[in-house]
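Descriptive analysis of the structure
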Amino acid sequence: MPLGLGRRKKASPLVENEEAEPIRAGLNVPGMDGLGGGGVGLGEGTTQEGLPPPPTSLRPRLIFHTQLAHGSPTGRIEGFSNVRELYTKIGEAFGIAPPEVMFCTLNTHKVDMDKLLGGQIGLEDFIFAHIKGQRKEVEVFKGEDALGLTITDNGAGYAFIKRIREGSVVHQIQVINVGDMIESINGHSLIGCRHYEVAKMLKELPKGKDFVLKMVEPLKAFDMISQRSGGARAGSGTQLGTGKGTLRLRSKGPATVEELPSAFEEKAIEKVDDLLESYMGIRDSELAATMVELGKDKKNPDEFAEALDETLGDFAFPDEFVFDVWGAIGDAKVGRL
């Protein structure tokens, strides 16, 4: 639905995004080569060119307990402001290279996408880091327009499967699982790509033809239950905070400690996240939270659209989607969700 004639979009969406390309952004870390394309929310660690990283003195001195999800002693990490720095701290604590970390879950060692660490961490959350396991290559026949996949990413260059729709094309292939990182499509590397770019590539694959996915699954434990019987107990010892706030990781600038979202914000974020999955094939609660934050004080959908273009222009959201998001935020305000 048209929102107005004054809306301007950024040119060349989905490409040339500094945050998408770790090497070009000065993050030349091992294992992050072979970027396959462009590549908000989710707390990426790049800063604008020429700007120094946030001073250490501005970073919250919060200590979080951490384990490797497949089994490890408990480590303690602190002093990070974004996802990349978090992975670096995890690497230092357990003696692994940061690119080995695929994603993190909160308060569970299982591959539970409802517990996925996004851009916020509760002050008493226990962090479980899932690292790279077995690599696999799968040939898929695209017999339908939709593959039944929902894609997310870790904010540090890896896109992975967050949901598989029951009865879909991919659901029939037992070797493809939730949590699998998509390393390449038909030989085209996806390291460094954002989730919406990977979802777009999958949608654009021609129907009626085979394509090849190279994936990496998270390393699994032999006895996941007995090794983690007390793993969810967080906030002990030197843990700071009351558990009523969250540490919000930001793509630019220092992390901040904030209050938990209000009931209105929680409802609106959930609905916007559902709309993201419906329109774009991605789920990203941090992106949804950013959109709700941008829209909650706007007076009309045109103001909201302009705010989205200014802050999230690389997504190039269609007008119909923006209007539906505006409606979801408005419904949440009056308690209709």
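Definitions and cut-offs
- Residues numbered from 1 in each chain as written.
- Predicted model: local features only at pLDDT ≥ 70, side-chain atom pairs only at ≥ 80, totals over all residues.
- Heavy atoms only, no water.
- Axes fitted to C-alpha atoms, helices over the stretch in contact; angles between N-to-C directions.
- Helix = DSSP H or I, 4+ residues; strand = E, 2+ residues; numbered from the N terminus.
- Parallel < 35°, antiparallel > 145°, perpendicular 65-115°, else oblique.
- Contact = heavy atoms within 4.5 Å.
- Nonpolar A, V, L, I, M, F, W, Y, C, P; charged D, E, K, R; others polar.
- Buried < 20%, exposed > 50% of the residue type's maximum accessible area, 1.4 Å probe, protein only.
- Pairing = 2+ DSSP bridges.
- Expected span 1.5 Å × (residues − 1).
- Arc of directions from axis to C-beta.
- Phe/Tyr/Trp six-rings, centres within 6.5 Å; stacked < 30°, edge-to-face > 60°.
- Polar contact = N/O pair within 3.5 Å; in protein donor to acceptor, adjacent residues only side chain to side chain.
- Core = buried A, V, L, I, M, F, W, Y, C linked by side-chain atoms within 4.5 Å.
- pLDDT = per-residue confidence, 0-100.
- Salt bridge = Lys/Arg side-chain N within 4 Å of Asp/Glu carboxyl O.
- Left-handed = near helix turned anticlockwise from the far one by under 90°.

1. Regarding the packing of helix α5 (residues 285-295) against helix α7 (residues 319-333)
To describe two helices that pack against each other, one gives the angle between their axes and the distance between the axes. Following both chains from N to C, one finds α5 and α7 inclined at 75°, their axes separated by 10 Å at the closest point. The orientation of α5 with respect to α7, classified from their angle, is roughly perpendicular. On the side of α5, the interface is formed by Met-291, Val-292 and Gly-295, while α7 contributes Phe-321, Val-325, Trp-326, Ile-329 and Lys-333. The class makeup of the residues in the contact of α5 with α7 is six nonpolar, one polar and one charged.

2. Focus on the pairing of strand β3 (residues 101-106)
Of all the six residues making up β3, six are buried; the element is thus mostly covered by neighbouring parts of the structure. One ladder, built from five bridges, connects β3 with strand β5 (residues 127-141); its direction is antiparallel. Bridge pairing links Phe-103 to His-130 in β5.

3. Describing α7
For α7, built from 15 residues, the straight-helix expectation of 21 Å at 1.5 Å per residue is met to within 8% by its first-to-last C-alpha distance of 21 Å. All of the buried residues along α7 are Phe-321, Val-322, Val-325, Trp-326, Ala-328, Ile-329 and Ala-332. Seen end-on, α7 carries its buried residues on one side only, within an arc spanning 160°. Packing partners of the buried residues in α7 comprise α4 (263-280), α5 and α6 (301-312).

4. A short note on the packing of aromatic side chains
In this structure the tally under the stated criterion is eight aromatic pairs. Arranged with centres 4.7 Å apart and planes meeting at 25°, the rings of Phe-103 and Phe-160 form a pair that is stacked. With Phe-103 in strand β3 and Phe-160 in strand β7 (residues 159-164), the pair connects residues that are 57 residues apart, well separated along the chain. The buried category is assigned to Phe-103, whose relative accessible area is 1%. Overall, the relative accessible area of 1% leaves Phe-160 in the buried class. Measuring from centroid to centroid gives 4.9 Å for Phe-126 and Phe-128, while their planes differ by 25°, and the two rings are stacked. Chaining the aromatic ring pairs together yields one cluster made of Tyr-196, Tyr-279, Phe-315, Phe-317 and Phe-321.

5. Some remarks on the environment of Asn-154
Along the chain, Asn-154 turns up in the loop between β6 (149-153) and β7. Distance from Asn-154 to Leu-117, taken between C-alpha atoms, is 8.3 Å for residues 37 residues apart in sequence. A polar side-chain atom of Asn-154 sits 2.7 Å from the main-chain amide nitrogen of Ala-156.

6. Here we look at the nonpolar core
Residues Ile-176, Leu-202, Met-291 and Phe-317 are the most contacted members of the largest nonpolar core, which totals 50 residues. Residues in contact with Met-291, not counting those within four places in the same chain, are Val-272, Leu-276, Phe-304, Leu-308, Leu-312, Phe-317, Phe-321, Val-325 and Ile-329. Within the second largest apolar cluster, 29 residues are counted, among which are Leu-68, Phe-103, Ile-131 and Ile-191.

7. Some thoughts on unusual backbone geometry
Positive phi, close to 65°, is recorded for Asn-107, a residue that is not glycine. Mapped onto the secondary structure, Asn-107 falls in the loop between β3 and β4 (120-122). With phi around 50°, Asn-186 is a residue other than glycine that occupies positive phi space. When you line up the elements, Asn-186 lands in the loop between β8 (181-185) and β9 (188-189). Accessibility expressed as a relative area gives 46% for Asn-186, which makes it partly exposed.

8. Considerations on the pairing of β5
Two strands pair when backbone bridges link them, and strand β1 (residues 63-68) and β5 are joined in this way by three bridges, in the parallel orientation. Paired with Leu-68 across the two strands is Ala-129, which belongs to β5.

9. Quick word on the confidence of the model for the chain
Residues at a pLDDT of 70 or more form 69% of the chain, whose mean pLDDT is 75. Confidence over residues 8-49 falls short of pLDDT 50; this stretch has 120 contacts with residues more than four positions distant or in other chains. Taken together, the stretch residues 223-243 has pLDDT below 50 and engages in 40 contacts with residues farther than four places along the chain or on a different chain.

10. Describing the pattern of salt bridges
Applying the stated rule across the entire model yields nine salt bridges. One salt bridge connects Lys-214 with Glu-137, and the closest N-O pair in it is separated by 3.9 Å. With a gap of 77 residues between them, Lys-214 in strand β10 (residues 210-218) and Glu-137 in strand β5 connect regions that are remote in the sequence. For Lys-214, a relative accessible area of 37% gives the class partly exposed.

11. Side note on the environment of Val-83
Relative to the helices and strands, Val-83 is located in helix α1 (residues 83-94). You can call Val-83 buried: its relative accessible area is 1%. Residues Val-83 and Gly-118, spaced 35 residues apart in sequence, show a C-alpha to C-alpha distance of 8.4 Å.

12. Here's the deal with the packing of α5 against α6
Relative to each other, α5 and α6 sit at 135°, their axes nearing to 9 Å. As far as their axial angle goes, α6 and α5 are oblique. Judged by the twist between their axes, the crossing of α5 over α6 is right-handed. Where α5 approaches α6, its residues Leu-287, Thr-290, Met-291, Leu-294 and Gly-295 are matched on the opposing element by Phe-304, Ala-307, Leu-308, Thr-311 and Leu-312. Residue classes in the contact of α5 with α6 are distributed as seven nonpolar, three polar and no charged.

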